[in-house]
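Understanding the architecture of this molecule
The residues making up each chain are set out below.
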Amino acid sequence: MESNRHKIGFFFKWCFDRIVALVGLVVLCLPLLVIAVLIKIDSKGPVFFMQKRIGKNGRPFKICKFRTMLHQSEGATVTTADDPRITRMGHWLRHSKVDCLTELVNVLIGQMSFVGPRPDVPGYADQLIGDDRRLLQLRPGITGPASIKYRNEEELLSRQPTPKAYNDEVIWPDKVRINLDYLDHWSFLGDIKLIFKTIFH
């Protein structure tokens, strides 16, 4: 019975994601266009940044984000707040998380969800072992409990002498723990609360 309720709940989540993503893209089309123009004015290069990420069941997909760094300089697995590659417009986009709005496209086509673990580059989620691999049951999300806790992750990493080591040894294992707890206690109402918490943080 519990399994059936979860299946129904996740189906409702799947429908909610697509409907709201479509509505969001329609409502936000003008602001997104303005941001795209500002990115082109601010620095040379494409408006969007496409990168390989790991999705549900370990399947790779291309995430779509607004470009926040100098052209052909993005791609590092760990980025700090004072990274010199970040453009002027990029600082605002990353701090406000507006660069993630284009991920509504990924949600619409079923690669992502509104709530779930953030999609990682190869070398993290796809390397999970044992019980931790249960996380691959989830579609990656635009937001989630771990994302909210580490909202200022780039500022935190910028204060570390070895940012990548701190990410790999402290932040990443903690995110795995948080996201497993999310999976084990998932509810649709809980997702709605996390969305509102993200918006009104």
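In case you missed it, the structure is sitting above this.
So, here is what we can say about the structure in this document.

Definitions and cut-offs
Residues numbered from 1 in each chain as written. Predicted model: local features only at pLDDT ≥ 70, side-chain atom pairs only at ≥ 80, totals over all residues. Heavy atoms only, no water. Helix = DSSP H or I, 4+ residues; strand = E, 2+ residues; numbered from the N terminus. Rg over C-alpha atoms; globule rule 2.2 N^0.38 Å. Contact = heavy atoms within 4.5 Å. Areas by Shrake-Rupley, 256 points an atom, 1.4 Å probe, with all protein chains shown as cover. Lys, Arg positive; Asp, Glu negative; His and termini not counted. Charge placed at Lys NZ, Arg CZ, Asp CG, Glu CD. Core = buried A, V, L, I, M, F, W, Y, C linked by side-chain atoms within 4.5 Å. Buried < 20%, exposed > 50% of the residue type's maximum accessible area, 1.4 Å probe, protein only. Salt bridge = Lys/Arg side-chain N within 4 Å of Asp/Glu carboxyl O. Axes fitted to C-alpha atoms, helices over the stretch in contact; angles between N-to-C directions. Nonpolar A, V, L, I, M, F, W, Y, C, P; charged D, E, K, R; others polar. Phe/Tyr/Trp six-rings, centres within 6.5 Å; stacked < 30°, edge-to-face > 60°.

**Focus on the overall build of the chain**
- Of regular secondary structure, the chain possesses eight helices and four strands.
- Traced from its N-terminal end to its C-terminal end, the chain shows the element sequence α-α-β-β-α-α-β-β-α-α-α-α.
- For 201 residues, the compact-globule estimate of 2.2 N^0.38 gives 17 Å, and the chain sits close to it at 17 Å.
- Each principal axis of the C-alpha atoms in the chain carries an extent, and together these give about 55 × 40 × 30 Å.
- Counting only contacts in the chain whose residues sit at least 6 apart along the sequence, the fraction spanning at least 24 positions is 68%.
- Within the structure as shown, the chain displays about 11200 Å² of accessible surface, and the carbon and sulfur contribution to it stands at 64%.
- Measuring between centres, the 29 positive side-chain charges of the chain sit 5 Å from its 21 negative side-chain charges.

**Quick notes on the nonpolar core**
- With 35 residues, the main nonpolar core has Ile35, Ile39, Phe66, Leu93 and Phe114 as its most contacted residues.
- Ranked by the residues each element gives to this core, the list is headed by helix H7 (residues 163-184), at five residues.
- Apart from residues no more than four positions distant in its own chain, Phe66 is found in contact with Leu32, Ile35, Ala36, Ile39, Val47, Phe48, Phe49, Leu93, Val98, Asp99 and Thr102.
- Core analysis: the next-biggest nonpolar cluster, separate from the first, contains seven residues, Ala146, Tyr150, Ile171 and Ile178 among them.

**Points about the pattern of salt bridges**
- The tally for this structure, following the rule as stated, stands at 12 salt bridges.
- For Arg118, the salt bridge identified is with Glu103, shortest N-O distance 2.7 Å. On the criterion of sequence distance, the pair formed by Arg118 in the loop between strand E3 (113-115) and strand E4 (141-143) and Glu103 in the loop between helix H3 (88-96) and helix H4 (104-108) is long-range, its members being 15 residues apart.
- Since its relative accessible area comes to 22%, Arg118 is described here as partly exposed.
- Across the salt bridge formed by Asp174 and Lys149, the nearest N and O atoms sit 2.7 Å from each other. With Asp174 in helix H7 and Lys149 in helix H5 (residues 145-149), the pair connects residues that are 25 residues apart, well separated along the chain.
- The class for Asp174 is buried, based on a relative accessible area of 13%.
- You can call Lys149 partly exposed: its relative accessible area is 47%.
- Each of the salt bridges in this network shares a partner with another, and the network as a whole consists of Asp131, Arg134 and Asp184.

**What about the packing of helix H2 (residues 29-42) against H3?**
- Two numbers describe how H2 lies on H3: the axes approach to 8 Å, and their chain directions differ by 145°. Note on element contacts: H3 touches H2 through Arg88, Met89 and Leu93, opposite Ile35, Leu38, Ile39 and Asp42.
- Residue composition of the contact of H2 with H3, grouped by class: five nonpolar, no polar and two charged.

**Some details on the packing of aromatic side chains**
- One pass over the structure, following the stated rule, counts eight aromatic pairs.
- Considering the side-chain rings of Tyr124 and Trp172, the 5.4 Å spacing of their centres and the 75° angle between planes classify their relative orientation as edge-to-face. In this pair, Tyr124 is assigned in the loop between E3 and E4 and Trp172 in helix H7, connecting sequence segments 48 residues apart. Taken individually, Tyr124 and Trp172 each receive the classification buried, so the pair is uniform in this respect.
- With a centroid separation of 5.9 Å and 20° between ring planes, the pair formed by Phe196 and Phe200 is classed as stacked.
- Judged by its relative accessible area of 63%, Phe200 falls in the exposed class.
- Through a chain of ring-to-ring contacts, three or more aromatic side chains come together here, namely Phe12, Phe16, Phe114 and Phe188.

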